[in-house]
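Listed below, chain by chain, are the residues.
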Amino acid sequence: MDNAVDSQANQAQLAATVVLLRDRAEGVEVLMLERPGKGTFAGAWVFPGGKVDPDDYLEAEAEAGVPAAAGTAVVNDLAKQLAAARNAGVRETFEETGLRIAGQELVHLSNWVPRHSLVRRFQTWFFVAAAPAGEVRLNDGELAGYAWLSPAEALRLHQSGRMQLVPPTWVTLHELSGFATVADALEAARGARPFDFESYVIDDPVTGRSIVWAGDDAYPGSGPAASTGARHRLSTGSLPWRYERDY
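For clarity, every value in this text was computed on a predicted model and none was experimentally measured.

The rules behind the values
Residues numbered from 1 in each chain as written. Predicted model: local features only at pLDDT ≥ 70, side-chain atom pairs only at ≥ 80, totals over all residues. Heavy atoms only, no water. Pairing = 2+ DSSP bridges. Helix = DSSP H or I, 4+ residues; strand = E, 2+ residues; numbered from the N terminus. Axes fitted to C-alpha atoms, helices over the stretch in contact; angles between N-to-C directions. Phe/Tyr/Trp six-rings, centres within 6.5 Å; stacked < 30°, edge-to-face > 60°. Buried < 20%, exposed > 50% of the residue type's maximum accessible area, 1.4 Å probe, protein only. Lys NZ or Arg CZ within 6 Å of the ring centre and 35° of its normal. Salt bridge = Lys/Arg side-chain N within 4 Å of Asp/Glu carboxyl O.

A word on the sheet that holds strand 10 (residues 208-212)
- With antiparallel pairing, the four strands of this open sheet are ordered in space as 9-10-11-12. Strands with a single pairing partner mark the edges of an open sheet, and in this sheet they are strand 9 (200-204) and strand 12 (242-245). Pairwise comparison of adjacent strand axes, ignoring direction, gives a mean angle of 25° for this sheet.
- Summarising the sheet, strand 9 and strand 10 pair through five bridges and their orientation is antiparallel. Bridge assignment links Val201 to a residue of strand 10, and that residue is Ile211.

So this is what it looks like as structure tokens:
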């Protein structure tokens, strides 16, 4: 993660998201959770996850053999952020779904840094894992429903206006839609460097409202300049959304 992402992450609340996958005869399915009509991401379908709590840092330090007292966790250290995010992902997945998963089973998939204009900002570590055995038991106070769907079906529901998705969820589903098995998806994630999606919003005269990331020639953030015409963006001005990534 580069310094720009690290700097922005310090200004946002840290969170973790866990993408749970299972194999079915028709292909890979992902667990989607429906948020209620009020609160954070109201009405959206999301993956399990939530904020990183102070205890998640203390647990990470204890696991690493580092003496820690309450309130002394160093949150700027990226390794500690990652370890704490794993702990948060395990905890939040169990709290929201009743499914237990071990931290070492979580494969780091990506990092999402929201645009500065948002009132509530969550810098989120995304993980992917094979779903453990067991029945989903929702936390009724936080969730309105759940569904196991193929990534392609979730994207079709969004395209038709029947499922509300936020951009990080949409892009993750898009990138998972090409895998035939959970093993293939996990192997690809283990072999790839987690991408830092540091988000900026632009109004393109052709594509309309778009979110751009590193690799797009309109990306204003730090890092190497992209070549003229290069694209790494999600156009969200109207349905269907369109994702372009040249590399």
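Topic: the packing of aromatic side chains
- Counted by the stated rule, this structure contains 10 aromatic pairs.
- A ring pair is formed by Trp112 and Phe126, whose centres lie 6.1 Å apart and whose planes are at 50°; its orientation type is tilted. One end of the pair, Trp112, is in strand 5 (residues 107-113); the other, Phe126, is in strand 6 (residues 122-130), with 14 residues separating them in the sequence.
- For the ring pair Trp112 and Phe197, a centre distance of 4.0 Å and an interplane angle of 5° mean the geometry is stacked. With Trp112 in strand 5 and Phe197 in strand 8 (residues 195-198), the pair connects residues that are 85 residues apart, well separated along the chain. Comparing Trp112 with Phe197, the two get one shared label, buried.
- When the ring centre of Phe94 is taken as reference, the NZ or CZ atom of Arg100 above it lies at 3.9 Å.
- Lying over the aromatic face of Phe195, Arg245 brings its terminal NZ or CZ to 4.6 Å of the ring centre.

Things to note about unusual backbone geometry
- The amide bond that connects Leu239 to the next residue, Pro240, takes the cis arrangement and shows omega of -5°.
- Topologically, Pro240 is positioned in the loop between strand 11 (232-235) and strand 12.

Brief notes about the pattern of salt bridges
- In this structure the tally under the stated criterion is 13 salt bridges.
- One salt bridge connects Glu96 with Arg35, and the closest N-O pair in it is separated by 3.1 Å. One end of the pair, Glu96, is in helix 3 (residues 78-97); the other, Arg35, is in the loop between strand 2 (27-34) and strand 3 (45-46), and 61 residues separate them in sequence. The two residues Glu96 and Arg35 agree in class, both being buried.
- As a salt-bridge pair, Arg209 and Asp203 come within 2.7 Å of each other at their nearest N and O atoms.
- Using a relative accessible area of 42% as the deciding quantity, one classes Arg209 as partly exposed.

As far as function goes, none of this settles anything; it's purely spatial.
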